[in-house]
Structure formats: structure tokens, C-alpha cells
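Listed here are the chains, written in short residue letters.
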Amino acid sequence: MHVAFRRLFRVRVRHDWYADSQVREDDFEVVPTPSTTSLLEELGLRTRALPDGLTVYGEVEPGSAPPLLRRPLGPISLRFAFELRAPTTPLLNITELPPFKPAQTIFCLDNLREDIASGRKHLSDSMAGARFGAAVTLVTRPAYTHTLGAPAATATVTIRDRFGATVATLEARSPDGTTPQNACPLDLASVPKVVPGRYRITDDRGGVSAIYYDPGLAASRPFAVIEIYTRTEALTPDGSDRVPASYRFLSGDTVTGLDPYFVQLTAIATTWRFIVTKKYANNSVTLASLAITGPVAFTRVLSGSRVVFTSTTAVRLSASRRGLKLIQQPPTRDVRDLPDPDLQTPLGKVPAVPNFVSDLFVYV
């Protein structure tokens, strides 16, 4: 019996630290969450891990053109969730992201917002309207403590899903019913409609909590989760399909042959400082006559046996060399090639500088 599979969708990770944006093996990995692994097996779908992401395949009728799923998924709305992990952290550490707390918060990406650039379909945080919105609290246990907007003995707490649909309305009371409390404990496992996913919890005292709930992420605690939807009519309050037409990998049970989805990561820009120290008193190098040539402009401050060169603007980190040189003039002569900050260069903070600082120490 002939069996044929076709790609339903592919997720590829890119990082502009590299000149070609192609991430290397072990930089990042995309893996199904435990609940999605079970769903994929139930639906007869297969996955293949790739150095830059992951592909999901579906079995199709042999010879069908366009490809038709052999096991129709039907008109239901399906959500597949994938962990975006950074097995080694150096590249993640120099990635431009909103503030987050590793293992405590998580970024959320999805295919519900059209963001096509240079022909690439980017995944993003549709709720934030940006590629990366604010990180939300990662909740991996049913017990969660919601902070009230103001102390109260009683409060009405509302849980809404990522589409704004009300999942539950709960009445919270302090243990004695009269003493105001700052927070209220919630048992998410006891709320029938709470399944792994993104939620917004509010109360009538003005408190707001943004969370991503999934007990299956307790051990791995990825820095981001990617949600891919087939369609959303059964999930949205207005019955609309919020997957953009250009992002749909199925048309009924026909595989559309959709181009890959991309997660685009960007390196941060830092202020570069070269701290040049005269190590040998008997050489011909004069600190006062040193300068830096190349595509980055620097200011210079001489102090005793060292001179500090500081970039006039923040410079984005990259694996591509800028070709900076330390020279002495006049007459002009090369002293040495200068290194660029790399993945191992510590990121420092200086009160007078608004961004991170990359310090490089040079001896002449």
C-alpha cells in the first residue's frame, strides 16, 4: 500500500546575528508541547525536527492534486502549541526582547496576525500587535495566586481566554470573610474550560494578570511558545476565523502548500567601549595619538596609562566583523586590528548609558 505525506506547515527560526540569518544547530529548537504531542498522534500527523525548526506532515491521498488529507480534520478549530527553547543561552542573551524572567515568564507567538516581510510569513504576538509582545507569567501548576487591584474581603474574579471569551466568573473571599486580602488563590484545574493556553484574569478591584497556563511545561520552561491554529470559528466569541487567509495551511481538507512560518530574532545594539592600556613603557605607542578607523565612530577620553574609546551610537551585535583598526597618527600607522564583541563578551550597565555596554580590553 502506497503511503504519501505532505507538509502541512513548517516553523523556521532566524537570527540576524548571523550574516545569513540561518541559525546553527543547538541555537534554538522547536518541539511540540506534551498536550500537542498527544493531539498530533491522535490526528495521525507527524513531525520532523530540523536544525532551524520543525515541520508537521499529514497523510494525503496518493496521487491527489492538490493534496487531500487521507484523515480529514473536519470543520473543528484546532490549536497546536510548540515550545521555543534555547538549549544554550549565549545567543538568547544578546537577543533583543522585551524584559522577561527566564523560567518564570514566557513569550507568546501565533499565526493569527499577518506580518509578511521580504516574502516571509512571520509569526508574532497577535494580542500585542507586534512580533514580540510583553512576556506573560508562566503557570505550570493548577494553584495560582491572583493579585487583586486593591485589598478586599470579597472580589469577583473573571477568567477570559486569549480571544476574550469568558471562561469563568468566580467569587473570592478572605478566610474570615471580613479581613481584606491582597490576593486570592485560584484552582485552575477545577475550572472545566481552562485548558493549556493563554488567559487574562481580572477582578472588580482593578487587578489584571496575564498568564500562560500549561502544566506540561513545568520541566522544560521554554522562553516562548508558538501556537498554530487551523481555524478559529469555534473559539472566537463572534465565530470568526482569525487566521489570515495567507497563513492558512488547509482549505477544507486540502493542503495548500503554504510557505514556512518564520520566527525572526534580532540581536541587541550596545555601546562599544575599547579600553586601551599601555602595557609596555618602552614601545613607541603614544596613547594620546591613538584613534580608531572603520565604519563605527568613537569618542576618546585619555586618563593616565589608558584611553577609552566609546562608540557615539549603539551598534547592533553581529557575527560579521566591522573591520575596526587601532591606528597611531601622525604619521598614520596601523597598531592592531580590533575585535568585535562576540557571544562571550559580557553585557555591562553604565548609569550614563541607556543601553547595554560591551567592554573590550586592549593592551598595546
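Placed above this text is the structure.
Computed from a predicted structure; not experimentally measured. (Residues numbered from 1 in each chain as written. Predicted model: local features only at pLDDT ≥ 70, side-chain atom pairs only at ≥ 80, totals over all residues. Heavy atoms only, no water.)

Asker: Would you mind going over the overall build of the protein with me for this structure?
Answerer: A count of helical and extended segments in the protein gives 2 helices and 28 strands. A globule of 364 residues ought to have a C-alpha radius of gyration of about 21 Å, yet the protein, at 26 Å, is considerably larger. Across its three principal axes, the protein shows a C-alpha extent of roughly 80 × 70 × 30 Å. In the protein, buried positions account for 46% of the 364 residues. Residue pairs in contact within the protein that sit at least 24 positions apart in sequence constitute 70% of those at least 6 positions apart. Counting every atom, the protein has about 17400 Å² of accessible surface; 51% of that belongs to carbon and sulfur. Between the averaged position of the 41 positive side-chain charges in the protein and that of its 35 negative side-chain charges there is a distance of 7 Å. (Helix = DSSP H or I, 4+ residues; strand = E, 2+ residues; numbered from the N terminus. Rg over C-alpha atoms; globule rule 2.2 N^0.38 Å. Buried < 20%, exposed > 50% of the residue type's maximum accessible area, 1.4 Å probe, protein only. Contact = heavy atoms within 4.5 Å. Areas by Shrake-Rupley, 256 points an atom, 1.4 Å probe, with all protein chains shown as cover. Lys, Arg positive; Asp, Glu negative; His and termini not counted. Charge placed at Lys NZ, Arg CZ, Asp CG, Glu CD.)

Asker: Hey, could you run me through the side chain of Gln 181 in this one?
Answerer: By the element assignment, Gln 181 lies in strand E13 (residues 181-187). At 3.4 Å, the side chain of Gln 181 forms a polar contact with the backbone oxygen of Arg 173. Not counting the four nearest positions on each side in its chain, Gln 181 is found in contact with Leu 148, Ala 150, Pro 151, Ala 152, Ala 153, Arg 173, Ser 174 and Pro 175. (Polar contact = N/O pair within 3.5 Å; in protein donor to acceptor, adjacent residues only side chain to side chain.)

Asker: Is there a simple way to explain the sheet that holds strand E12 (residues 166-173) in this structure?
Answerer: Paired through backbone hydrogen bonds, the strands of a sheet run either parallel or antiparallel to each other. The mixed open sheet is built from 9 strands, whose spatial order is E2-E5-E16-E6-E9-E15-E14-E11-E12. Each end of this open sheet is capped by a strand with a single partner; those strands are strand E2 (29-32) and E12. Averaged over all neighbouring strand pairs, the angle between strand axes comes to 35°, with direction disregarded. Each of E2 and strand E5 (79-85) is contacted by helix H1 (residues 34-43), which is oriented at about 135° to E5, the strand it contacts most. (Pairing = 2+ DSSP bridges. Axes fitted to C-alpha atoms, helices over the stretch in contact; angles between N-to-C directions.)

Asker: Can you help me understand the sheet that holds strand E21 (residues 290-293) in this one?
Answerer: With respect to topology, 3 strands assemble into an open sheet ordered E21-E25-E26, the strand pairing being antiparallel. Every interior strand has two partners, whereas the edge strands, E21 and strand E26 (333-337), have only one. Taking each pair of neighbouring strands and ignoring which way they run, the sheet shows an average axis angle of 35°. As defined by bridge partners, strand E25 (residues 325-328) adjoins E26 across 4 bridges and the pair is classed as antiparallel.

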